[in-house]
Amino acid sequence: MEQVIQMQKIRKFYNQGENRLEVLKGISLEVLEGEYLAILGPSGSGKSTLMNIIGCMDRFQEGEYWLTESFVNKMNDAQLTILRNQQIGFIFQKYHLIQKYTVLQNTMIPLLIRGMSRKEAESLSMEKLELLGMKERADHKPNELSGGQQQRTAIARALVGSPKLLLADEPTGALDRSTGEEVLRLFQQLNEMGNTIVMITHDLHVAKSAKRIVKIIDGELFEGDEADVALA
Amino acid sequence: MTKQKLSMGQMRIGEIMHLVWINIMESKFKVFLTSLGVIVGSATIILVIAVGHGGEVEVQNEYKTLNAGSINVAASTEAQMQDQMMGGFGGGFPGGGMPGGTPGGANGNRSGGTRRSGGSGGFGGFGGMGGGGTGGKAVTLTESDEQDIASLVSGLSSVSIYTTGTSSVDGGDLTEETDETVAGVGSEYQEMCNLDLLEGEFITDEDNEDKSKVAVIGYTLAQTIFGSAYSAYGDSVSIEGKKYEIVGVLNEMGSVSSGTSPDDSIFVPYQTAAKYIYGKSADPQIMAIASDVNSVSDKITEIKAVLMENHSNVKENAFNVTDAGSTLESATSSAKTLSMLLMIVAAIVFIVGGIGIMNVMFVSVKERTQEIGILKALGSSKRVILLQFLLEATFISVFGGLLGVLSGFALIPLVRLSGMTVEPVAASAVYSMIFAVGTGTIFGFYPAWKAAALMPIEALTQE
């Protein structure tokens, strides 16, 4: 199995005068193609920082990070931007759809950014929207949709570029319980279709829908039962 | 593991524009508000250039009968010297063929009264009152002065003495005598003042020698007295009770800035006027044309020297010598100054408009921080985001510019109602658009650049 994420002793800290605030204290993580991983942690554990680093939106001071075949350490902002567009599909807690654009237009954006023609982008986007049951809503604006529908639009947008990694940040955080369950089932289906998913959450119940769980506590990562030992 | 090649096609410009278009269509009202500054600015430029050009055209029209090389000599009076100080350009000068400094002040006012320059025409008339014999005139110009100037000063294409004043005129459809400007002139006067004839011919040398009672009448005056310019020809008028045959009618010359328009005058032979009309109260003036326009000031000096020789015991300021070039120049330059002033006003309007755009763009960037964050997270490059915001600013200014240009041209007839001469200039639309797009792009750049420089996570987490 090919590695999608390979992290070695990633450290991230902020210098605040004399004090050094360590957010990530040497995180090592490996995610293989086809995995469905949940990163579980309370707020303040450093999970958002980790998510930003995995998503190539933030930098770290120490360690090594490979995303598929790209060595993230050596990349400049412009290269990271391209990497995000081609390799990562983002799913955010608050959907982060652009309100002025329709469902279809929102879904097309990653493809248009790549330089694809509108026609091509439209047909690919419609495919994904159909897969997610959003085809009929293609011409609606986000504010005309329910939370679940908006999140499905966001998922369609994440999938449309066929990324190596789906990165979800609290994807059910803004949804009611049953809609949340629905989204999680969708994630399982997408994983069964072969998509690699990394989901960040603070909710154990949500995390349990993933195939594998790692816990992040105080900037350190624990696999499986190690965490309970560490906390004890 | 091999390092993966990270290259991809840039976002297509057409697609960027499409997104910009969606953005604009989704916030039409805001776009309109933003472009208001540009609309006002472009319209101002159109109007300002039209008013400025109108001023220049007006000056050109007023002086079109004026020969650039012409020099006018009159005997000074105190009043006339005062006129020079008060009246500014044109005072006491044959602007458009007729001397400003004539006893025909009333006429001067009548023809000039409706015009911007009416005031200076009035001054011209006032200055000439001395010609009626009331002022302390030191000297009187004579035909021998004319001949001496012609023979002693080289480089003059023609020299002509003339006299002008107000006389009572009757005839045609007139029910009672009226006072009109009557000028006694030589045959050269026609060419010197660029007078065109509608019918008949101008005063000839024989008319002068014979002191014939013939007259050439101006277009407007012909209409006043005979109903139409054509019916005047061949008829006769009475001047100071004597009958004059009308041998020519002038074409319409248009109004002049100072003095009396040829349109409102009657021309008779100089000798005839001297003998029958003005007699001893005559105040002749001499007009000369310098062959070389650049030598006008030298010629003035030489003419003064000849006159000083002829009239002993007078001070140099006894002669009031003016030239058309400097008159024209000062009139044109004051019109140009006005244009410049107006342009500065327009520039200020644009800067204010530009700051308006910048403000709205800043607010818009702030409002859309999250959108920028989303685009960055999804992989939009700095360049594309910058381009997107810049295109938006450019669109707004193009839209504002077009609307401004249209409303500027639409407002021109309205400004004309105020009596100003307004001449639309096609090129002003181009300037206006350049200014509009320039302002929009320059002032839109900084906010756009700020937007593009935002970090994706910063932008995303901002509410």
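As recorded in an unreviewed UniProt entry, chain B goes by Macrolide export ATP-binding/permease protein MacB and comes from Caproicibacter fermentans.

Looking at an unreviewed UniProt entry, one finds chain A named Putative ABC transporter ATP-binding protein YknY, with Caproicibacter fermentans as its source organism. Under the heading Sequence similarities (unreviewed entry), UniProt records this for chain A: "Belongs to the ABC transporter superfamily."

A few words now on the sheet that holds strand 10 (residues 220–223) of chain A. All names here are of chain A. The strand order across the open sheet formed by six strands is 6-7-8-3-9-10, and the pairing between neighbours is mixed. The sheet terminates laterally at strand 6 (88–91) and strand 10, the two strands that pair on one side only. In this sheet, adjacent strand axes meet at a mean angle of 20° when their direction is disregarded. Looking at chain direction, strand 6 and strand 7 (residues 165–169) are connected through four bridges and run parallel. By the bridge assignment, I91 is partnered in strand 7 with A168. Against the sheet, helix 1 (residues 47–54) contacts strand 3 (36–40), strand 6, strand 7, strand 8 (197–201), strand 9 (212–217) and strand 10, and its axis sits at roughly 155° relative to strand 7.

Quick look at the interface of chain A and chain B now. By convention, interface size is frequently given as the accessible area that disappears when the constituent parts associate. Chain A puts 38 residues into the contact, and the matching count from chain B is 34 residues. On the chain A side of the interface with chain B, the three residues burying the most area are K100, Y101 and I113 of chain A, jointly 19% of the side's total. Inspection of the region where chain A meets chain B yields three salt bridges. For K141 of chain A, the salt bridge identified is with E26 of chain B, shortest N-O distance 3.0 Å. On the surface where chain A and chain B come into contact, there are ten residue pairs in polar contact (both at pLDDT 80 or more). Per-element tally for the side of chain A that touches chain B: the top contributor is helix 2 (residues 77–87) of chain A, with eight residues. Residues of the side of chain A that touches chain B, tallied by class, amount to 15 nonpolar, 14 polar and nine charged.

Moving on, we get to the nonpolar core. One finds I5, I39, I54, Y65 and L67 of chain A to be the most contacted residues of the largest nonpolar core, which totals 111 residues. Among residues more than four places away in sequence, those in contact with I5 of chain A are L29, E30, V31, I54, Y65, W66, L67, L165 and V198 of chain A.

A separate point is the pairing of strand 10 (residues 319–323) of chain B. Residues and elements named next belong to chain B. Where burial is concerned, most of strand 10 is hidden: five out of the five residues are buried. Burial of the side chains of strand 10 extends over both faces: F319, V321 and D323 are buried on one face and N320 and T322 on the other. Sheet analysis places strand 1 (residues 70–75) next to strand 10, joined by five bridges and oriented antiparallel. Following the sheet pairing, N72 is matched in strand 10 by T322.

Applying the stated rule across the entire model yields 15 salt bridges over all chains. Its salt-bridge partner being R212 of chain A, residue E35 of chain A comes within 2.9 Å of it at the nearest N-O pair. Separated by 177 residues along the polypeptide, E35 of chain A in the loop between strand 2 (19–32) and strand 3 and R212 of chain A in strand 9 bring together distant segments of the chain. Under the relative-accessibility criterion, R212 of chain A is labelled buried at 19%. Residues participating in the shared-partner salt-bridge network are K100 of chain A together with R368, E371 and E392 of chain B.

Residues and elements named next belong to chain B. Running from N to C, helix 15 (residues 382–416) and helix 16 (residues 426–453) point in directions that differ by 155°, and their axes come no closer than 7 Å. By the criterion of interaxial angle, the relationship of helix 15 to helix 16 is roughly antiparallel. Remark: the crossing between helix 15 and helix 16 carries right-handed chirality. Grouping the amino acids of the contact of helix 15 with helix 16 by side-chain chemistry returns 19 nonpolar, eight polar and one charged.

Our focus in this paragraph is helix 5 (residues 147–159) of chain A. Look at helix 5 of chain A: 18 Å from first C-alpha to last across 13 residues, which is about the 18 Å you get at 1.5 Å a residue. With eleven of 13 residues buried, helix 5 of chain A is to be regarded as a mostly interior element. Those residues of helix 5 of chain A not exposed but buried are G148, Q149, Q150, Q151, T153, A154, I155, A156, R157, A158 and L159 of chain A. Of the surrounding secondary structure, the elements contacted by the buried residues of helix 5 of chain A are strand 6, helix 3 (103–114), helix 4 (118–131), strand 7 and helix 6 (177–192) of chain A together with helix 14 (369–377) of chain B.

On to helix 16 of chain B. Its 28 residues place the ends of helix 16 of chain B 41 Å apart at the C-alpha level, agreeing with the 40 Å of an ideal helix rising 1.5 Å per residue. Its axis deflected by about 35° at F445 of chain B, helix 16 of chain B carries its strongest bend there, up to four residues before the proline P447 of chain B.

Which parts of space are left empty comes out when a probe the size of a water molecule is rolled across the atoms. Scanning the model with the defined rule gives three cavities of 30 Å³ or more in all. Looking at the largest cavity, it is lined by 13 residues, and the ones nearest its centre are N85, I88, G89, P110 and R157 of chain A. Counting residues per element, the lining of the largest cavity draws most heavily on strand 6 of chain A, at three residues. Per-class residue counts for the lining of the largest cavity are seven nonpolar, three polar and three charged. In terms of lining residues, the second largest cavity is bounded by K30, V31, T34, V360, M361, S364, E392 and I396 of chain B. For the lining of the second largest cavity, the elements supplying multiple residues, two or more each, are helix 2 (28–62), helix 13 (324–367) and helix 15 of chain B. Looking at the lining of the second largest cavity, its residues break down into four nonpolar, two polar and two charged.

It is worth spelling out the packing of aromatic side chains at this point. Scanning all chains against the criterion turns up nine aromatic pairs over all chains. Ring plane angle 5° and centroid distance 5.6 Å describe the contact between F90 of chain A and F92 of chain A, whose orientation is recorded as stacked. Assessed through its relative accessible area of 1%, F90 of chain A is described here as buried. Overall, the relative accessible area of 5% leaves F92 of chain A in the buried class. Where F395 of chain B meets F399 of chain B, the ring centres are 6.4 Å apart and the plane angle is 5°; that geometry is what we call stacked.

Take a negative patch on the surface next. On the surface, E201, D205, E206, E209 and D210 of chain B cluster together into a patch of negative charge. Its location among the elements puts E209 of chain B in helix 8 (residues 205–210).

All names here are of chain B. Two numbers describe how helix 14 lies on helix 15: the axes approach to 10 Å, and their chain directions differ by 145°. The interaxial crossing formed by helix 14 with helix 15 has right-handed handedness. Of the residues in helix 15, those touching helix 14 at E371, I372, L375 and K376 are K382, I385, Q388 and F389. By residue class, the composition of the contact of helix 14 with helix 15 is four nonpolar, one polar and three charged.

We now examine the sheet that holds strand 5 (residues 70–71) of chain A. All names here are of chain A. Reading across the sheet, the four strands line up as 2-1-4-5 and stay open at both edges, with antiparallel pairing between neighbours. Every other strand in the sheet has two partners, leaving strand 2 and strand 5 as the edge strands with one partner each. When strand 1 (residues 3–16) meets strand 2, the two strands line up antiparallel, connected through eleven bridges. Residue pairing across strands places K12 opposite L24, the latter belonging to strand 2.

Reading the values: rules and limits
Residue positions are counted from 1 within each chain, in the order its sequence is given. Starting at A for chains and at 1 for ligands, labels are handed out in the order in which the entities are written. Local features in this predicted model are restricted to residues whose pLDDT is 70 or higher, and side-chain atom pairs enter the listing and the counts only when it is 80 or higher, whereas totals over whole chains, interfaces and linings include all residues. In computing side-chain values, all of the structure's heavy atoms are included and hydrogens and water are not. UniProt positions are given in the numbering used here, feature names are shortened, and annotations may be inferred rather than shown by experiment. Note on pairing: two strands pair once DSSP finds at least 2 bridges between them. Going along the chain from the N terminus, every DSSP run of H or I of four or more residues is numbered as a helix, and every run of E of two or more is numbered as a strand. Between N-to-C directions, angles span 0 to 180 degrees; the directions come from axes that are lines fitted to C-alpha atoms, helices contributing only their stretch in contact. Contact definition: two residues touch when any of their heavy atoms are within 4.5 Å. Take the accessible area each of two parts loses on contact, using a 1.4 Å probe, and add the two losses: that sum is the buried area. Salt bridge, as used here: a side-chain nitrogen of Lys or Arg that lies within 4 Å of a carboxyl oxygen of Asp or Glu. The definition of a polar contact used here is a pair of N or O atoms within 3.5 Å, where within protein one atom must be able to donate a hydrogen and the other to accept one, and adjacent residues in sequence count solely through side-chain atom pairs. Here the term charged refers only to Asp, Glu, Lys and Arg, the term nonpolar to Ala, Val, Leu, Ile, Met, Phe, Trp, Tyr, Cys and Pro, and the term polar to all other amino acids, Gly among them. What is meant by a nonpolar core is a set of buried Ala, Val, Leu, Ile, Met, Phe, Trp, Tyr and Cys residues, joined one to another through side-chain atoms within 4.5 Å. Only protein chains enter the accessibility calculation, which uses a 1.4 Å probe. A residue is then buried if its area is under 20% of the maximum for its type, exposed if over 50%, and partly exposed in between. Should an angle fall under 35 degrees it is taken as roughly parallel, and over 145 as roughly antiparallel, whereas 65 to 115 is taken as roughly perpendicular and any remaining angle as oblique. Helix crossings fall into two classes, left-handed where the near helix is turned counterclockwise from the far one by less than a right angle and right-handed where it is turned clockwise. Here the expected span of a helix is defined as 1.5 Å times the quantity of residues minus one. The term bend refers to the angle at a residue between two fitted axes, each drawn through seven residues, those ending there and those starting there. The definitions used throughout rest on a 1 Å grid laid over the protein atoms alone, on which a cavity is an enclosed set of points accommodating a 1.4 Å probe that cannot get out and a pocket is an open set flanked by protein within 12 Å on both sides along at least five of seven lines; lining residues are those having an atom within 4 Å of a point. Grid points are joined across faces, edges and corners, and a volume is the space filled by probe spheres set on the points. Between the rings of Phe, Tyr and Trp (Trp by its six-membered ring), a pair exists once the centres lie within 6.5 Å; its type follows the angle of the planes, with under 30 degrees stacked, over 60 edge-to-face, and the other angles tilted. Candidates for patches are residues over 30% relative accessible area with no salt bridge; among them, like charges are joined within 9 Å and nonpolar side chains (Val, Leu, Ile, Met, Phe, Trp, Tyr) within 5 Å. Accessible surface is estimated by sampling points in the Shrake-Rupley manner with a 1.4 Å probe; for residues, cover comes only from the protein chains shown. Lys and Arg are tallied as positive, Asp and Glu as negative. Neither His nor the chain termini are counted. For this purpose, a charge sits on NZ of Lys, CZ of Arg, CG of Asp or CD of Glu.

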